[in-house]
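Listed below are the residues making up each chain.
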Amino acid sequence: MKLRNVLFATALFAATTPALAQTIDDTIKPPVLRANVSVAGDVVRIGDLVENAGVAAQIAVYRAPDLGTTGTLPVAQVLNVLRQHQVIGVTTRDVKDVTVTRLARNIAAKDIQLAVAQALAHRGGLGEAENISLTFDRDLQDLHLEASNSGTLEPTAARIDPRSGRFDVTFEIANDAATVATQLRYTGIAIETVEAAVLARNVERTEVLKASDVIVQRRPKAEVGTDPAVRDQVLGMQMRRAMRAGQSLRVTDLAKPDLVQRDQAVTVIYQTAGIYLTTRGKALDSGTEGDLVNVLNPQSKRTVTGVVTGRGQVTVQVATPTPVYVSDTSAISSNDTQPAPVSVADGSSNPQAPVKPE
């Protein structure tokens, strides 16, 4: 009987020794204050602040900072809170302040805007995402979500009214900590824009545009129509009509500059094979390069038509007769070689008629 009790006591001691050793080991390790703390939830626990906090580790002592932000706690305040929960003898290692950061999934406003534009692309008459301009009903700001929202920003619904441009887009983000995904909804107005050349000042009809007259801006496609002019197209071009500063230019508003003006003295070039002759004339029409204009020769008072080939210059192409070469003369009739008829006194032109002697 005594032997059985000894064996039972020995077995019980052996079974409890590891747990006892662990308890002793935990008791021996001193609690150490952390200088930098990161939490995923909305509270800060003693175990977040202190290493080797033991059974007090799960006690909540502070509210966590806002999502994606960092707060600071003075060490003296932290130690006072720990003593209230019987956590004493904490090693501070000369730490003066404890910083606490709330972990978050941060989505920048520009990324949200891009996601909405991509969801609306090619819907309701809109074009590419990069050409869509968005105005949100609420100011768009950076988004901070719980760190458990690790999924991608997936559009689940996208609607737009082609007439008003109003849109309604819904996204879902998968959440690791919940079975229900996080939903985000954005509404506002979307319009398609294009890059357009815009006048920097008022211009008059027939003015020729230079670099300082034009700036580049994105304008609604409905404003500039289907033929917006780009900056490189308008430089050196002539206005077809007067326009105000701030108006966007269309291709139809522009023309090649007139190189010849009506009533202008011009150089007239007569050109043909082997001949190049210049004289002065007066333009009766205005025209740009390649246009046909009439020019008056002030000496002969004759009017000629030529092509505008330069500033104040009109070229007249003189046609050169083309000779006809006959290689076989056998086909020519003998009658074709007879001398021309000779008129006689009676007025007859018949070469066979006898000539009466006087």
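In case you missed it, the structure is sitting above this.
To start, this report covers the structure provided alongside it. From a predicted model like this one, the values you see are computed outputs, not experimental measurements.

Rules behind the numbers
Residues numbered from 1 in each chain as written. Predicted model: local features only at pLDDT ≥ 70, side-chain atom pairs only at ≥ 80, totals over all residues. Heavy atoms only, no water. Helix = DSSP H or I, 4+ residues; strand = E, 2+ residues; numbered from the N terminus. Buried < 20%, exposed > 50% of the residue type's maximum accessible area, 1.4 Å probe, protein only. Pairing = 2+ DSSP bridges. Axes fitted to C-alpha atoms, helices over the stretch in contact; angles between N-to-C directions. Contact = heavy atoms within 4.5 Å. Arc of directions from axis to C-beta. Polar contact = N/O pair within 3.5 Å; in protein donor to acceptor, adjacent residues only side chain to side chain. Salt bridge = Lys/Arg side-chain N within 4 Å of Asp/Glu carboxyl O.

Next up on the list: unusual backbone geometry. Note on backbone geometry: most residues besides glycine have negative phi, and most peptide bonds are trans. Although it is not a glycine, Thr 206 adopts a positive phi angle of roughly 75 degrees. One can find Thr 206 in the loop between strand S13 (182-199) and strand S14 (214-220). Its identity is not glycine, yet Asp 263 carries a phi of approximately 70 degrees, on the positive side. Inspection of the secondary structure assignment puts Asp 263 in the loop between strand S16 (254-255) and strand S17 (265-272). For Asp 263, a relative accessible area of 48% corresponds to the partly exposed category.

Once that is clear, we can look at the sheet that holds strand S6 (residues 70-74). The strand order across the open sheet formed by 3 strands is S2-S7-S6, and the pairing between neighbours is mixed. Of all the strands in the sheet, just strand S2 (36-39) and S6 have a single pairing partner and so form its edges. Each adjacent strand pair in this sheet contributes to an overall mean axis angle of 25 degrees, direction not counted. In this structure, S2 lies alongside strand S7 (residues 97-102), joined through 4 bridges in parallel fashion. By the bridge assignment for S7, Val 37 is matched with Val 100. Sitting on the sheet, helix H3 (residues 75-84) touches S6 and S7, and the angle it makes with S6 is about 75 degrees.

With that settled, consider H3. Residues of H3 that are buried include every one of Val 75, Val 78, Leu 79, Val 81 and Leu 82, and no others. Taken end-on, H3 shows its buried residues confined to a sector of 160 degrees, consistent with a single buried face. Across from the buried face of H3, at angles greater than 90 degrees, the exposed residues are Ala 76 and Gln 84. Backbone geometry just after H3 places Gln 86 at a positive phi near 65 degrees.

So, about the side chain of Asn 149. Secondary-structure assignment places Asn 149 in the loop between strand S10 (143-146) and strand S11 (154-160). Owing to a relative accessible area of 3%, Asn 149 belongs among the buried residues under this scheme. A distance of 3.3 Å separates polar atoms of two side chains, one belonging to Asn 149 and the other to Asn 175. Within the local environment of Asn 149, its side chain forms a polar contact with the side chain of Thr 182, the two groups lying 2.4 Å apart. Filtering out sequence-adjacent residues up to four positions away, Asn 149 remains in contact with Arg 105, Ile 173, Ala 174, Asn 175 and Thr 182.

With that settled, consider the environment of Thr 267. Examined against the element boundaries, Thr 267 turns out to sit in strand S17. In contact with Thr 267, other than residues within four places in its own chain, are Thr 278, Thr 279, Arg 280, Gly 312, Gln 313 and Val 314. Here Arg 280 takes part through its side chain, which lies 2.6 Å from a polar atom of the side chain of Thr 267.

With that settled, consider the sheet that holds strand S19 (residues 292-296). With mixed pairing, the 5 strands of this closed barrel are ordered in space as S17-S18-S19-S20-S21. For this sheet, the mean inter-axis angle between neighbouring strands, taken without regard to orientation, is 50 degrees. Pairing of S19 with strand S20 (residues 303-310) involves 5 bridges; the strand directions are antiparallel. Residue pairing in the sheet places Val 293 in a bridge with Gly 306 of S20.

Let's shift gears to the pairing of S13. Bridge analysis of strand S9 (residues 132-136) against S13 gives 5 bridges, and the strand direction is antiparallel. Across the sheet, residue Phe 136 finds its bridge partner in S13, namely Gly 188. Pairing analysis gives 8 bridges linking strand S12 (residues 166-173) to S13, with the strands arranged antiparallel. Bridge pairing links Phe 171 to Leu 184 in S13. One ladder, built from 7 bridges, connects S13 with S14; its direction is antiparallel. Bridged to Thr 193 within S14 is Pro 220.

All right, on to the environment of Ile 107 then. Of note, Ile 107 is situated in strand S8 (residues 104-107). For Ile 107, a relative accessible area of 8% corresponds to the buried category. Separated by 34 residues in the primary sequence, Ile 107 and Gln 141 place their C-alpha atoms 9.1 Å from one another. The contacts of Ile 107, once residues within four sequence positions are left out, are Ile 112, Asp 142, Leu 143, Leu 145 and Ile 173.

Where charged atoms from two side chains of opposite charge come close, those side chains can pair. This structure, assessed with the given rule, holds 11 salt bridges. Ionic pairing is found between Lys 110 and Asp 111, a salt bridge with its closest N-O pair at 3.5 Å. Classification of Lys 110 as exposed rests on a relative accessible area of 62%. Accessibility expressed as a relative area gives 36% for Asp 111, which makes it partly exposed. A salt bridge links Asp 137 to Arg 166; its shortest N-O distance comes to 2.7 Å. With a gap of 29 residues between them, Asp 137 in the loop between S9 and S10 and Arg 166 in strand S12 connect regions that are remote in the sequence. A relative accessible area of 44% places Asp 137 in the partly exposed class. When salt bridges with common partners are traced through the structure, they connect Arg 201, Glu 207, Lys 210 and Asp 213 into a single cluster.

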